[in-house]
Amino acid sequence: MRRLPVYLLLDTSGSMKGEPIEAVNVGLSSLLVGLRQDPSALESVAISLITFDREVQQVMPLTDLEAFQLPQIQTPDSGPTHLGQALQLLCTKVDREVRRNTDTSKGDWKPLLFIMTDGSPSDLQLYRECIPEIHKRNFAVVVACAAGPKAKTAILQELTPHVVSLDTMDSHTFKQFFKWVSDTVTSGNRSMGTTVSVELPPPPDVVHELSPV
Amino acid sequence: MAFSSKDPVHLATKEFMGFLNSLTQRIQQEERNILFQYLSNIDKMADKFNEFYVAYVDGKQAETPHQDYYSFSAIKFQFQNRFQEINARWTQHLQETGVFDTPLVPPQTDGTEHLNPTATESSKPMISEHEPTNPQLNNSIAKVELPFEEAQTNYNAVNVAATVPNLNPNPVPVPQKPASNIPLDKPLPPKSDKWYGIPNGTVGKDYNHALQLSDFDIHGAVVEDRFESKLAELGLTYDPQNKTLSGQPSQPGEYLLTFYFKWAGGTESKHPSALQRSIKWLVNPDPRSLWLNKPSSEDNFAYWKPDQASAFCTAAPRRILAASQRGRSHAHEGTCRDDDFAFVYDETIAWYILAVADGAGSARYSREGSRLATRTAVDFIHNKLKHPDILTDLKEAIITLHAQLYASNKKHDTGDARKKVSDHLYNLLGGAAFNAKKALEKACAERKASEYDCELKDYATTLLLTCATQIETIGWFIASFWIGDGAIAVVSDTQGSRLMGIPDSGEFSGQTRFLTMNSVIEPTEIFKRLQFHYTDDFTALILMTDGISDPKFPTENTLREPQKWQLFWEELAKEVNFSTTANREEVQQQLLKWLNFWSPGDHDDRTILLVY
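Conventions we followed
- Residues numbered from 1 in each chain as written.
- Chains lettered and ligands numbered in written order.
- Predicted model: local features only at pLDDT ≥ 70, side-chain atom pairs only at ≥ 80, totals over all residues.
- Heavy atoms only, no water.
- Phe/Tyr/Trp six-rings, centres within 6.5 Å; stacked < 30°, edge-to-face > 60°.
- Lys NZ or Arg CZ within 6 Å of the ring centre and 35° of its normal.
- Helix = DSSP H or I, 4+ residues; strand = E, 2+ residues; numbered from the N terminus.
- Expected span 1.5 Å × (residues − 1).
- Buried < 20%, exposed > 50% of the residue type's maximum accessible area, 1.4 Å probe, protein only.
- Contact = heavy atoms within 4.5 Å.
- Lys, Arg positive; Asp, Glu negative; His and termini not counted.
- Salt bridge = Lys/Arg side-chain N within 4 Å of Asp/Glu carboxyl O.
- Polar contact = N/O pair within 3.5 Å; in protein donor to acceptor, adjacent residues only side chain to side chain.
- Pairing = 2+ DSSP bridges.
- Core = buried A, V, L, I, M, F, W, Y, C linked by side-chain atoms within 4.5 Å.

Asker: Help me out: how do you make sense of the packing of aromatic side chains in this one?
Answerer: Pairs of aromatic rings are described using the distance from one ring centre to the other and the angle between the two planes. Residue and element names in this part refer to chain B. For the structure on display, the rule yields 32 aromatic pairs over all chains. Three or more aromatic residues joined by ring pairs form one cluster here, namely Tyr 196, Phe 216, Phe 227, Tyr 238, Phe 259, Phe 261 and Trp 263. Over the aromatic face of Tyr 452 sits the side chain of Arg 447, whose NZ or CZ is 3.8 Å from the ring centroid. The ring of Phe 597 is capped by Lys 552, whose NZ or CZ atom sits 4.0 Å from the centre of that ring.

Asker: Is there a simple way to think about helix H4 (residues 124-136) of chain A in this case?
Answerer: Each turn of an α-helix holds 3.6 residues, which means side chains three or four residues apart point in the same direction. All names here are of chain A. Compared with the 18 Å implied by 1.5 Å per residue over 13 residues, the 19 Å span of H4 between its first and last C-alpha is a close match. Those residues of H4 that fall on the buried side of the exposure criterion are Tyr 127, Cys 130, Ile 131 and Ile 134. Tucked inside the fold, the buried residues of H4 contact helix H3 (83-97), strand E4 (112-117), strand E5 (141-147) and helix H5 (153-157). One or two positions beyond H4, positive phi appears at Asn 138, with a value near 55°.

Asker: Explain the side chain of B:Asp346 here, please?
Answerer: All names here are of chain B. Structurally, the position occupied by Asp 346 is in strand E11 (residues 339-346). Among buried Asp, Glu, Lys and Arg side chains, Asp 346 stands out as unpaired, with Lys 386 the closest opposite charge at 4.8 Å. At a separation of 2.7 Å, a polar atom in the side chain of Asp 346 contacts the side chain of His 382. Setting aside chain neighbours within four positions, we find Asp 346 in contact with Trp 351, His 382 and Lys 386.

Asker: Explain the sheet that holds strand E9 (residues 308-313) of chain B here, please?
Answerer: What links the strands of a sheet is backbone hydrogen bonding, and the strands pair in either a parallel or an antiparallel sense. Residues and elements named next belong to chain B. Read across the sheet, six strands follow the order E9-E10-E19-E18-E15-E16 without closing on themselves; strand pairing throughout is antiparallel. A single partner strand is all that each edge strand has here, and the edge strands are E9 and strand E16 (498-499). The sheet contact formed by strand E15 (residues 487-491) and E16 spans two bridges and is antiparallel. In the sheet register, Ala 489 faces E16, and the bridge partner there is Leu 499.

Asker: What am I meant to see in the nonpolar core here?
Answerer: As a rule of thumb, soluble globular proteins bury nonpolar side chains together. B:Trp565, B:Phe568, B:Ile608 and B:Leu610 are the most contacted members of the largest nonpolar core, which totals 53 residues. Setting aside residues no more than four positions away along its own chain, B:Ile608 makes contact with B:Leu321, B:Ala322, B:Ala323, B:Ile542, B:Leu543, B:Met544, B:Ile548, B:Phe568, B:Leu572, B:Leu591, B:Trp594 and B:Leu595.

Asker: I'm lost on the environment of A:Val206 in this one. Help?
Answerer: Residue and element names in this part refer to chain A. Summarising the element assignment, Val 206 is placed in the loop between helix H6 (171-191) and strand E7 (207-209). Note: C-alpha distance between Val 206 and Lys 175 (31 residues apart in sequence) is 9.9 Å. Setting aside residues no more than four positions away along its own chain, Val 206 makes contact with Ser 165, Leu 166, Asp 167, His 172, Thr 173 and Gln 176.

Asker: Please clarify how the pattern of salt bridges should be interpreted in this entry.
Answerer: Note on pairing: side chains with opposite charge can pair once their charged atoms come close. If you walk through the whole model with that rule in mind, you get 26 salt bridges over all chains. A:Glu133 serves as the salt-bridge partner of A:Arg137, at 2.8 Å between the closest nitrogen and oxygen. A residue is classified by how much of its surface remains accessible, and A:Arg137, at 12% relative accessible area, is buried. Among the salt bridges present, the one from B:Arg326 reaches B:Asp307, with a minimum N-O distance of 3.5 Å. With B:Arg326 in the loop between strand E10 (320-325) and helix H7 (328-333) and B:Asp307 in the loop between helix H6 (287-290) and E9, the pair connects residues that are 19 residues apart, well separated along the chain. The exposure class assigned to B:Asp307 is buried, which follows from its relative accessible area of 17%. One continuous salt-bridge network, built from bridges that share partners, spans A:Asp95, A:Glu133, A:Lys136 and A:Arg137.

Printed below as a string of structure tokens:
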């Protein structure tokens, strides 16, 4: 059966420690609750979680929503933001996990990618090198979320035209952000097979959409 | 912002502070059971707080959130973190000292207890007498740091009589003498990943899982192992012989189930709560139960069309039956069916002219695209074939080629004859597609003229065309033209089934071509999409949109397997009465009903056109 793969890249660098990462956990939980109420998401969505700080880790491989069990996202005490490395890992995972159309099996829908970071990449050069690699993987949509005041939206805009920003990093804001992610996934799921790219639903108040550069 | 002391947000914060106060005392008293109890109430407090906050903000239309809200959230999260740390240390301590066989686990709860947070209540449950306080552990407990502006002291858990943090303007004295009764049956374990998990279930789907007790921190042989009675209510049974959970989950939700056991060999644990585990189990709802069916409203949609359609023609030598059904995706949203079909049999020319189309889901007027494309294409072919010279020329070309192809001596070079037929089909079917596209362009222009904003791609649709005729001397000639996904096939149990074209697809699911794309209506492309076929006879000639071909023919290879088409026809014949005595209304209803078949992940509009 055709799955809709959804990749979430989450910043777990030092600045996320404490309330921000807890708010992310709450948000992820509500994302799953939201998706589980949508019948077509329940059938087709598969999610993978990748965290990045000094280390990059796929804390959850691409797993069907039905079977998905949310791990608690942790942060180390301090750590840089290796977003470039995360993109690199993402590419290898996508190549391995997302199924292509073959003569003998139906492939997955084009995957979705959501990136959340509260700073800028410590490995900027690697980040830039990975940008074309990401484009090659043909994501239906790439959304980069710049959370909090220190996030650098301009750098994210090099990767994707869909950059949103969050003013704060509390649980209310993250809940809204992840609800919007859920809406994007479910509407993208519905339009799969019929569009070239996914149209993003209007974001909630706390999520500010940046105009493309 | 200034808030009065009666401010509900402020009151809730105060309440929580008092609550926090007693909680910090409990930490140093190392009573984890009580901690769990309290933490469950933190969540309730948090919910209450959220209610206050939302009502307050909504009521006051505050521009910035109340400062207490952030502090509250922060405190709560800090506390849950601290608790986890303490839990881990406590577990380690117990294992090292061997005081208990196994780590303590949170006692079960029915979640109904509400604990009064003020610490003056003397009937507060305390540590049991046989649990020693461990000064070492006291020292190792990390400080509870409060991000709160008003926090006066950092709490340092050194001994029971330590300074109580001034979180509450009216600090209460710490109770000295612990009581002996501990309610172990009430608290709900905290939300942490230290709970033991089992695979998720889904309502209505068979569940079978063999437990690995070591995963639950149960090392050693156990007896009298069982789950609490709630398990049966949820649809599962536990078999202690093979440690297996099985059954069919009956209700969706997230559940905590207590698993009880005793050590084989009769070693008693000093703490009864050591002989149970909390198992977290998530049950997904049955997706089938979540689908809504909202009729589309004529008022809401330009170019509205009914959610389903069907047609039946018995005037032709072979019967023509068609049905088109809105898919579950659209039904869930209350949007229109985007598929369509059209056909005609004209006995004066003796040709069957058939078309199906699937409007692109993202194209807002694709329901009109499919409707207009099918009708325009069929009308175009019909009108062309009404020209006697075209009709005769085509028939001759078909006969000539047939003669050459099936000649007893294969000396003929069929090139010329083939070209003649191809050219006819190019003009007829290619022309039909071209005109269908022009009709869409016209509709778009008209809409623009009425001050609406639109583009040609708003009418994007696939288009599958077939025309067929039976010529006495040679049998059937069938020609097709195919843009997009879906399928056209000739099913025959005697002659072998055959796919009448090449489906459009790309590397990822769902990439296909549409009539509105520039590249498609070009000579080389058109020729690529034209196919024709001679056959003595057939069982059925079938056109379908991908709403049917996707679920019934899972891969492209399957589309090409004659056997699979045979099976498809047989499956359909079980549900639809194809005999000559069939009642016309009934047979259409049967086909529409069949179109509602359930296939997870396949919720597109479904259209099928059959000549049989």
